[in-house]
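# Notes for the structure review
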Amino acid sequence: KQEVTQIPAALSVPEGENLVLNCSFTDSAIYNLQWFRQDPGKGLTSLLLIQSSQREQTSGRLNASLDKSSGRSTLYIAASQPGDSATYLCALFTGGGNKLTFGTGTQLKVEL
Amino acid sequence: NAGVTQTPKFRILKIGQSMTLQCTQDMNHNYMYWYRQDPGMGLKLIYYSVGAGITDKGEVPNGYNVSRSTTEDFPLRLELAAPSQTSVYFCASSYSRAGIGNQPQHFGDGTRLSIL
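Below or above, wherever it landed, is the structure these notes cover. (Residues numbered from 1 in each chain as written. Chains lettered and ligands numbered in written order. Predicted model: local features only at pLDDT ≥ 70, side-chain atom pairs only at ≥ 80, totals over all residues. Heavy atoms only, no water.)

### Examining the overall build of chain B
- Check the secondary structure of chain B and you find zero helices and eleven strands.
- Reading chain B from its N end, one meets helices and strands in the order β-β-β-β-β-β-β-β-β-β-β.
- Taking 2.2 N^0.38 as the reference for a compact globule, 116 residues should give roughly 13 Å; the C-alpha atoms of chain B span a radius of gyration of 13 Å, in line with that estimate.
- Considered along the principal axes of its C-alpha atoms, chain B spans approximately 40 × 30 × 25 Å.
- Per-residue burial over chain B gives 46% buried out of 116 residues.
- Taking contacts inside chain B between residues at least 6 apart in sequence as the whole, the part at least 24 apart equals 56%.
- Carbon and sulfur atoms make up 52% of the accessible area of chain B, which amounts to about 5400 Å² in all.
- Computed over 10 positive and 8 negative side-chain charges, the separation of the two mean positions in chain B equals 6 Å. (Helix = DSSP H or I, 4+ residues; strand = E, 2+ residues; numbered from the N terminus. Rg over C-alpha atoms; globule rule 2.2 N^0.38 Å. Buried < 20%, exposed > 50% of the residue type's maximum accessible area, 1.4 Å probe, protein only. Contact = heavy atoms within 4.5 Å. Areas by Shrake-Rupley, 256 points an atom, 1.4 Å probe, with all protein chains shown as cover. Lys, Arg positive; Asp, Glu negative; His and termini not counted. Charge placed at Lys NZ, Arg CZ, Asp CG, Glu CD.)

### Let's talk about the overall build of chain A
- A tally of regular secondary structure across chain A gives zero helices and eleven strands.
- Reading the secondary structure of chain A in the N-to-C direction produces β-β-β-β-β-β-β-β-β-β-β.
- Relative to the 2.2 N^0.38 estimate, which gives 13 Å for 112 residues, the radius of gyration of chain A is 13 Å and therefore close to what a compact globule would have.
- Dimensions of chain A, computed from C-alpha atoms along their principal axes, come out at roughly 45 × 30 × 20 Å.
- Taken across its 112 residues, chain A has 46% of its residues classed as buried.
- Taking as baseline every contact in chain A between residues at least 6 positions apart, the subset at least 24 positions apart corresponds to 55%.
- With the model as given, the accessible surface of chain A reaches about 5100 Å², and the carbon-plus-sulfur share is 47%.
- Placing the 9 positive and 9 negative side-chain charges of chain A at their respective mean positions leaves the two points 6 Å apart.

### A closer look at the pairing of strand β5 (residues 44–51) of chain A
Residue and element names in this part refer to chain A.
- Where strand β4 (residues 32–38) and β5 come together, seven bridges link them in antiparallel fashion. Bridging from a neighbouring strand, Asn32 pairs with Gln51 of β5.
- Between the antiparallel neighbours β4 and β5 lie five residues, among them Gly41 with a positive phi of about 75°. (Pairing = 2+ DSSP bridges.)

### Topic: the environment of A:Phe25
All names here are of chain A.
- Within the secondary structure, Phe25 is located in strand β3 (residues 19–25).
- Overall, the relative accessible area of 7% leaves Phe25 in the buried class.
- Put simply, Phe25 and Arg72 are 47 residues apart on the chain and 6.3 Å apart in space, counted from C-alpha to C-alpha.
- Residues contacting Phe25, with those up to four places away along its chain left out, are Gln2, Glu3, Val4, Ile30, Leu33, Leu66, Asp67, Lys68, Gly71, Arg72, Ser73 and Leu92.

### Quick look at the sheet that holds strand β1 (residues 4–7) of chain B
Residues and elements named next belong to chain B.
- Pairing is antiparallel across the open sheet formed by four strands, whose spatial order is β1-β3-β8-β7. Each end of this open sheet is capped by a strand with a single partner; those strands are β1 and β7 (64–66). Recorded for the sheet is a direction-independent mean angle of 20° between the axes of neighbouring strands.
- With three bridges connecting them, β7 and strand β8 (residues 76–78) associate as antiparallel partners. Within β8, the residue paired with Asn65 across the bridge is Arg77. (Axes fitted to C-alpha atoms, helices over the stretch in contact; angles between N-to-C directions.)

### As for the interface of chain A and chain B
- On the side of chain B, 26 residues touch chain A, which itself brings 24 residues to the contact.
- Between the two partners, chain A and chain B, sit one salt bridge.
- Between A:Lys42 and B:Asp109 there is a salt bridge, with the nearest N and O atoms lying 3.8 Å from each other.
- Counting across the interface, chain A meets chain B through two residue pairs in polar contact (both at pLDDT 80 or more).
- Among the elements of the structure, β4, β5, β9 (86–93) and β10 (100–102) of chain A are those that each provide at least two residues to the side of chain A that touches chain B. (Salt bridge = Lys/Arg side-chain N within 4 Å of Asp/Glu carboxyl O. Polar contact = N/O pair within 3.5 Å; in protein donor to acceptor, adjacent residues only side chain to side chain.)

### Quick notes on the environment of A:Arg55
Residue and element names in this part refer to chain A.
- In this fold, Arg55 is placed in the loop between β5 and β6 (56–59).
- In the structure, Arg55 is positioned twelve residues away from Asp67 in sequence and 6.7 Å away in space, judged by C-alpha atoms.
- Residue contacts for Arg55: discarding those within four places in its chain leaves Ile50, Ala64, Ser65 and Leu66.

Right, dumping it as structure tokens:
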């Protein structure tokens, strides 16, 4: 059974800092990995999707990496802004069904 | 472009009552999903559908039912509400299977359900 862990559960950083969010998973036989952003009272917004054959994806100030052999993914946020404050979740699709397995998320607060 | 629309946004039910959570999407997506999110937990899949007339159980289907009579709509039914079903419910849709290709899932804003 795929288990997804995100550490830390919460993170507070000053504006402008570069930061890394971590996602660990137990089953390396994945099809892809997605990073989502969730704002309070809102649904999830897909940020980046990495196929199993890829090592990283970039979108603006965001860069996500994938290392299947070690069961890890990181989301790098450059020059953080208060608007980046949200909960970030990673999710993996391991096939065998139409199912994404979600981590519990990292709650990020970027302070002025 | 509305995307995925869920109604209602909030609801309080008494134990034993029933209700239907509505979900509709206007992106002509074949795949639709219902998740629940409990405090401090990740999302868990309740039911999903790969097209009109086809539904299947997810990870936590007990106490719920779904139907998919049209491509656009995927309602979730609670027949006998229990306190354990207090949660935030999210509906999502995608063009292809969960994340296959570069097609992400699109989520609604959720329905916050309390059962007292």
